[in-house]
Amino acid sequence: MGIMEKFTDQTVLISGATRGIGKAIARRFLEAEAHIVGVYAGNNEAAQLFADENRQFADRFELLQCNVADEQQVAALFTRIDEKYPSLDVLVNNAGIRRDAMLAMMSYNQWQDVLNTNLTGTYLMAKQAVLLMMKHKYGRIINITSPVAHLGFSGQANYAASKAGQVALTKTLAKEVARKKITVNCVSPGFISTDFIAGLDLDLLAEYKKMVPMRRFGTPDEVAEAVLFLAGNRAAYISGTVLEVSGGL
Ligand code: NDP
C-alpha cells in the first residue's frame, strides 16, 4: 500500500456506520485520523460492537441513533454537528435497506420504506450537509448506490429505483455546488459480503457469484478504499461520477 492520506481534523458523517460497508468506511477514516459521527437505525448491539472494536479511537467518534428518513431527526442531528464540530468535511450516505418482492406482489409499504430510507434519506442528509459545507466552501459527499440502478434486478424494483434516484440526485447536486468546492459522487458496490446479503439462500448466492466476472464477492474494505479516495485531495476534480467497485459486473 502507498502512503495513506490523512483526514486529520476533518469531521466525517457516515450513515449506517455500525455494520457492513459503513463500518469499514468508518474504520478506515478513523485510521486516517478523522473525527467520525456515525449514525445507525436502531441496532444497539451492533453499535456497541463497533464501539468495542474501535476503543483505541474512542476520543474521535460518536455513534448516534437517527433515522435518516425522518426530517426532524436529521435536522436535530445537524444542529448537534454544527454546535459540536468546527466543520463538516465529508458526508457518506451509506444507510440503505432492501425489501425485495416482485413488483406485482410488492406492498405499498415495501415500496415506500425503501424509497424513504435510501432516497429521501440521501436527500435529507445531503441538504443539511450542503448548508454546512457551503459556509466553509469545502465538502465531499459520497452516496452509496448500486449497479442495479442501471442493470435492474428481479425483485428489486423499489431498491433499483431508489439507487437510480441517488445517482440522479448526485449528478444534479454536483452541478449545483461545484463552485463552492463541494464534490458529490457515488460509489457503487457490487455484491459485498455483509448482513445485507447474508440472509439469501446458498444456491442463490452461488448463482450471484457466477454473475461476477471475478467470481467472488467484494469486501467492505474494498468499498471503503474507493470512498476514501473520493473524499481525499487526489479526487478534487472528480464530481458527479459513479465509481463502481463490483469485480467487473
Ligand atoms: P447492512 O445491512 O450491513 O448495514 C446497514 C446499515 O445502515 C446499518 O448500520 C443500519 O443501522 C443502517 N440503517 C438502515 N436504515 C437506516 C435508517 N433509516 N437510518 C439510519 N441508518 C440506517 O448494509 P450494507 O453495509 O451491506 O450496505 C450499505 C449500503 O451499501 C446500502 O446503501 C446498500 O444499499 C449498499 N449496497 C450494498 C451492497 C451489498 O452487497 N452489501 C451492494 C450494493 C450496494 P442498524 O444497524 O441500526 O440497523
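Placed above this text is the structure.
What you are looking at is a predicted structure, and each value in this text was computed from that prediction instead of being measured.

Thresholds, definitions, all that
- Positions within a chain are numbered from 1, following the residues in the order the chain's sequence is written.
- Residue-level local features of this predicted model are given only where pLDDT is at least 70; pairs of side-chain atoms are given and counted only at 80 or more, and the full residue set underlies all totals for whole chains, interfaces and linings.
- Side-chain metrics in this entry use all non-hydrogen atoms of the structure; hydrogen atoms and water are not considered.
- Strands are runs of DSSP state E lasting at least two residues, helices are runs of H or I lasting at least four, and both sets are numbered from the N terminus onward.
- Expected helix span is taken as 1.5 Å per residue step, with the number of steps being one fewer than the number of residues.
- A simple rule labels every residue: compare its accessible area, found with a 1.4 Å probe on the protein chains alone, to the largest value its type can have, and call it buried under 20%, exposed over 50%, or partly exposed in between.
- Between N-to-C directions, angles cover 0 to 180 degrees, with each direction set by a line fitted to C-alpha atoms, over the stretch in contact for helices.
- In these notes the angle categories are as follows: under 35 degrees is roughly parallel, over 145 is roughly antiparallel, 65 to 115 is roughly perpendicular, and the rest is oblique.
- Helix crossings fall into two classes, left-handed where the near helix is turned counterclockwise from the far one by less than a right angle and right-handed where it is turned clockwise.
- The contact rule is simple, with two residues in contact once any of their heavy atoms fall within 4.5 Å.
- In this classification, the charged set is Asp, Glu, Lys and Arg, the nonpolar set is Ala, Val, Leu, Ile, Met, Phe, Trp, Tyr, Cys and Pro, and all remaining amino acids, among them Gly, are polar.
- Cavity and pocket criteria rest on a 1 Å grid covering protein atoms alone: a 1.4 Å probe that fits but cannot get out defines a cavity, protein on both sides within 12 Å along at least 5 of 7 lines defines an open pocket, and an atom within 4 Å of a point defines a lining residue.
- Grid points are joined across faces, edges and corners, and a volume is the space filled by probe spheres set on the points.
- A carboxyl oxygen of Asp or Glu within 4 Å of a side-chain nitrogen of Lys or Arg is what we treat as a salt bridge.
- For two strands to be treated as a pair, DSSP must find no fewer than two bridges joining them.
- Every crossover in which the path from the first strand over the helix to the second runs clockwise, viewed with the strands pointing away from the viewer, is termed right-handed.

Q: How would you sum up helix H1 (residues 20-31)? Please name residues and give values.
A: Given 3.6 residues per turn, any residue in an α-helix points the same way as the ones three and four places further on. Taking 1.5 Å as the rise per residue, H1 with 12 residues should run 16 Å; its terminal C-alpha atoms sit 17 Å apart, in good agreement. Within H1, nine of the 12 residues are buried, which leaves the element mostly enclosed by the surrounding structure. Listed in full, the buried residues belonging to H1 are Ile21, Gly22, Lys23, Ala24, Ile25, Ala26, Arg28, Phe29 and Leu30. Among the residues trailing H1, Glu33 stands out with phi positive, at a value near 75°.

Q: Run through the packing of H1 against helix H9 (residues 220-231), naming residues and quoting values.
A: Running from N to C, H1 and H9 cross one another at 55°; their axes reach a closest spacing of 8 Å. Taken together, the axes of H1 and H9 lie oblique to each other. The crossing of H1 and H9 is right-handed. Between H1 and H9, the contacting residues are Gly20, Ile21, Ala24, Ile25, Arg28 and Phe29 on the first element and Pro220, Asp221, Val223, Ala224, Glu225, Val227, Leu228 and Ala231 on the second. Partitioning the contact of H1 with H9 into residue classes produces 10 nonpolar, one polar and three charged.

Q: Got a sec to walk through empty space enclosed by the protein? Specific residues and values, please.
A: This structure, assessed with the given rule, holds one cavity of 30 Å³ or more. Considered as a void within the structure, the largest cavity measures approximately 30 Å³ in volume. Forming the walls of the largest cavity are Ser15, Val68, Asn93, Asn94, Ala95, Thr117, Gly121, Thr122 and Gln166. A per-element tally of the lining of the largest cavity places helix H4 (residues 108-136) first, with three residues.

Q: Describe the pattern of salt bridges, naming the residues involved and giving the relevant values.
A: Counting across every chain of the model gives 12 salt bridges. A salt bridge links Lys84 to Glu62; the nearest nitrogen and oxygen atoms lie 3.4 Å apart. In this pair, Lys84 is assigned in helix H3 (residues 71-84) and Glu62 in strand E3 (residues 61-65), connecting sequence segments 22 residues apart. Lys84 gets classed as partly exposed once you look at its relative accessible area, which sits at 49%. Glu62 gets classed as buried once you look at its relative accessible area, which sits at 10%. Within the structure, one salt-bridge network assembled from shared partners comprises Arg27, Arg28, Glu31 and Glu225.

Q: Tell me about the pairing of strand E4 (residues 90-93), and please be specific about residues and values.
A: Residues of E4 alternate between two faces, with Val90 and Val92 on one and Leu91 and Asn93 on the opposite face, all of them buried. Where strand E1 (residues 11-15) and E4 come together, three bridges link them in parallel fashion. Residue Val12 lies in a different strand from E4, and its bridge partner there is Val90. Read as a crossover between parallel neighbours, the route from E4 over H4 to strand E5 (residues 139-144) is right-handed.

Q: If you had to explain the environment of Gln65 to someone new, which residues and values would you point to?
A: Within the secondary structure, Gln65 sits in strand E3. Judged by its relative accessible area of 48%, Gln65 is partly exposed. For the pair Gln65 and Leu77, spaced 12 residues apart in sequence, the C-alpha separation works out to 9.3 Å. The residues contacting Gln65, other than those within four sequence positions of it, are Tyr40, Ala41, Gly42 and Asn44.

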